[in-house]
Amino acid sequence: MSLFRTKSIDAMLAMAREDGLKKVLGPVDLVMMGIGAIIGTGIFVLTGTGALTAGPALTVSFLIAAMACGFAALCYAEFASAIPVSGSIYTYCYATLGEIVAWMIGWDLLLEYGLAMSAVSVGWSGYFQSLMAGLGLALPTALTAAPGAVPGAHTIMNLPASLIMLAITWVVSHGARESARLNNLMVTIKIAVVLLFIGVGIWHVKPANWQPFAPFGAAGVFQAAALVFFSFIGFDAVTSAAEEVRNPRRDLPIGIIGSLTVCTVLYVAVSAIMTGIVPFANFAGVDHPISLALQFAGQNWVAGFVDLGAILGMTTVILVMTYGQTRIIFAMSRDGLLPKRLSVVHPVYATPYFATWTVGIVFATIAAFVPLNVLAELINIGTLAAFTLISVSVLVLRRTHPELPRAFRCPGVPVVPLLSVGFCLFLMAHLQVLTWIAFLVWLVLGLAIYFLYARRNAVLHNQGG
């Protein structure tokens, strides 16, 4: 069936060589890009929420979520080394599972990346407003949050969330090298802030606070794992940079696995120290758990640095997710599944300029008017679905293209990909029913657009092969 017709890998590689994106990124850029996408809202906000669900066993929840991501990361790394083309899992599915599956996962990624950008922008706004309040500055209440986001307050829009999205859009639209330089600087600062917290906080840990270790049992640990999975979202954005990497077959696996490893170690260390300083029940209603832990320890001077680190951390997440989103749209447009203007490369900046600004304006608007709690779980289910498909795709690629050169091979095939599928489906089962309903509605809408527009305009379909 033409619906499941796959795209030639040779054709993908040839197209990538002709499309004018500059090869300017190296392995350090990619590791920093991955860390930039991962460390943000998860470590600075969700650690408190996760502690309320799992207690001190939050460290185990992070390890479970990291294992799910780790197995998927090995699958991503094989694809990235074999098919170094923009589009991430969308491109990989097009080469293995066919056009309709590629479209649906691309449509899913539009949800994942876009809502992640909006959600982190809302979190960024909260920390920014807190920092401004400490300096004696404050916005009018009506401009501080989405309508209905603050009980008892009349709010119209979240202006800071919208403005940071537009500012990042400007940076991303002006070039990959410029985006990477800004990201590297901010990532260096936020890693230093996290290490500062670890170095100061470890001396104030009280082991008694770790008892009971898992107050809500295994169910609480698993539920927290499904929640903090959000903390790891972003390492897959590294693969979106494939066509702008100098040596993609070597450097992309380094970026994917290296960034995930660094972030896992930091997450486990921070969550252990945080719950060792503060009894987990004290995190109820707190949206700045790391700062609270330092205040509990009497280290207020460090808390100010943490607030700065949180703002920079979330800024890099927005930047990398915006970058990844635009490159996926670029790839889908180049294949004819989205309007061609979205894959036009700017003659000066060598970026998909129109696509970048379209993404920025749409999701800046969502950040301004949609509350954070509505966004978070939809992001998780979209990502878990993507990770499930990338794991299945590796098994298909091994069978259909065994001769394809691979600078990195996923170890333990088929066990590792099947473990990845199992972990992802397990975590998806712990998400709310309403999240599943919203996700299915999004997929049905995607199917409608595919049959009404994308299939008719697909380059592969019109070529008849």
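Residues numbered from 1 in each chain as written. Predicted model: local features only at pLDDT ≥ 70, side-chain atom pairs only at ≥ 80, totals over all residues. Heavy atoms only, no water.

(A) Structural context of the nonpolar core. Core analysis: the largest hydrophobic core is formed by 158 residues, its most contacted members being Phe44 and Ile83. The biggest single contributor to this core is helix α6 (residues 99–134), with 18 residues. (Core = buried A, V, L, I, M, F, W, Y, C linked by side-chain atoms within 4.5 Å. Buried < 20%, exposed > 50% of the residue type's maximum accessible area, 1.4 Å probe, protein only. Helix = DSSP H or I, 4+ residues; strand = E, 2+ residues; numbered from the N terminus.)

(B) Inspection of the pattern of salt bridges at higher detail. Counted by the stated rule, this structure contains four salt bridges. Between glutamate 244 and arginine 327 there is a salt bridge; the shortest N-O distance is 3.0 Å. Taken as a pair, glutamate 244 in the loop between α9 (217–228) and α10 (248–277) and arginine 327 in helix α12 (residues 300–334) lie far apart in primary sequence, 83 residues in all. For the pair formed by glutamate 244 and arginine 327, the shared burial category is buried. (Salt bridge = Lys/Arg side-chain N within 4 Å of Asp/Glu carboxyl O.)

(C) Representation of the packing of aromatic side chains. Overall, the coordinates contain 17 aromatic pairs when judged by the stated rule. When the ring of phenylalanine 62 is compared with that of phenylalanine 232, the centres are 6.2 Å apart and the planes differ by 70°; the resulting orientation is edge-to-face. Placement of the pair is phenylalanine 62 in helix α4 (residues 58–82) and phenylalanine 232 in the loop between α9 and α10, with a sequence separation of 170 residues. A relative accessible area of 0% means that phenylalanine 62 is categorised as buried. With a centroid separation of 5.8 Å and 80° between ring planes, the pair formed by tyrosine 76 and phenylalanine 387 is classed as edge-to-face. (Phe/Tyr/Trp six-rings, centres within 6.5 Å; stacked < 30°, edge-to-face > 60°.)

(D) The side chain of serine 391, seen in detail. Relative to the assigned elements, serine 391 resides in helix α14 (residues 372–400). Not counting residues up to four positions away in its chain, the partners in contact with serine 391 are Ala72, Cys75, Pro417, Ser420 and Val421. (Contact = heavy atoms within 4.5 Å.)

(E) Just the environment of alanine 73, in detail. Within the element layout of this structure, alanine 73 appears in helix α4. Counting along the chain gives 235 residues from alanine 73 to leucine 308, while the straight-line C-alpha distance between them is 30 Å. In this structure alanine 73 touches Phe235, Ile256 and Leu260, once residues within four positions along its chain are discounted.

(F) View of the side chain of serine 291. Residue placement: serine 291 occurs in helix α11 (residues 289–296). Here serine 291 falls in the buried class, since its relative accessible area comes to 1%. In contact with serine 291, not counting residues within four places along its chain, are Ala303, Val306 and Asp307.

(G) Seen up close, the packing of α4 against helix α15 (residues 415–428). Where α4 contacts α15, the axes come no closer than 8 Å and their chain directions differ by 140°. The angle between α4 and α15 places the two elements in the oblique class. Once α4 is placed against α15, the crossing between them reads as left-handed. Here α4 contributes Ile64, Met67, Ala68, Phe71, Ala72, Leu74 and Cys75 to the contact with α15, which in turn contributes Val416, Pro417, Leu419, Ser420, Phe423 and Leu427. Looking at the contact of α4 with α15 residue by residue, the class counts come to 12 nonpolar, one polar and no charged. (Axes fitted to C-alpha atoms, helices over the stretch in contact; angles between N-to-C directions. Parallel < 35°, antiparallel > 145°, perpendicular 65-115°, else oblique. Left-handed = near helix turned anticlockwise from the far one by under 90°. Nonpolar A, V, L, I, M, F, W, Y, C, P; charged D, E, K, R; others polar.)

(H) Region of the structure containing a nonpolar patch on the surface. A cluster of nonpolar side chains, namely Val433, Leu434, Ile437 and Val441, defines an oily patch on the protein surface of about 420 Å² accessible area. What makes isoleucine 437 partly exposed here is its relative accessible area of 46%. (Patch = residues over 30% accessible without salt bridge, like charges linked within 9 Å, V, L, I, M, F, W, Y side chains within 5 Å. Areas by Shrake-Rupley, 256 points an atom, 1.4 Å probe, with all protein chains shown as cover.)

(I) Molecular detail of the packing of α4 against α10. It is at 9 Å that the axes of α4 and α10 come closest, and there the two elements cross at 175°. Looking at the two axes, α4 sits roughly antiparallel to α10.

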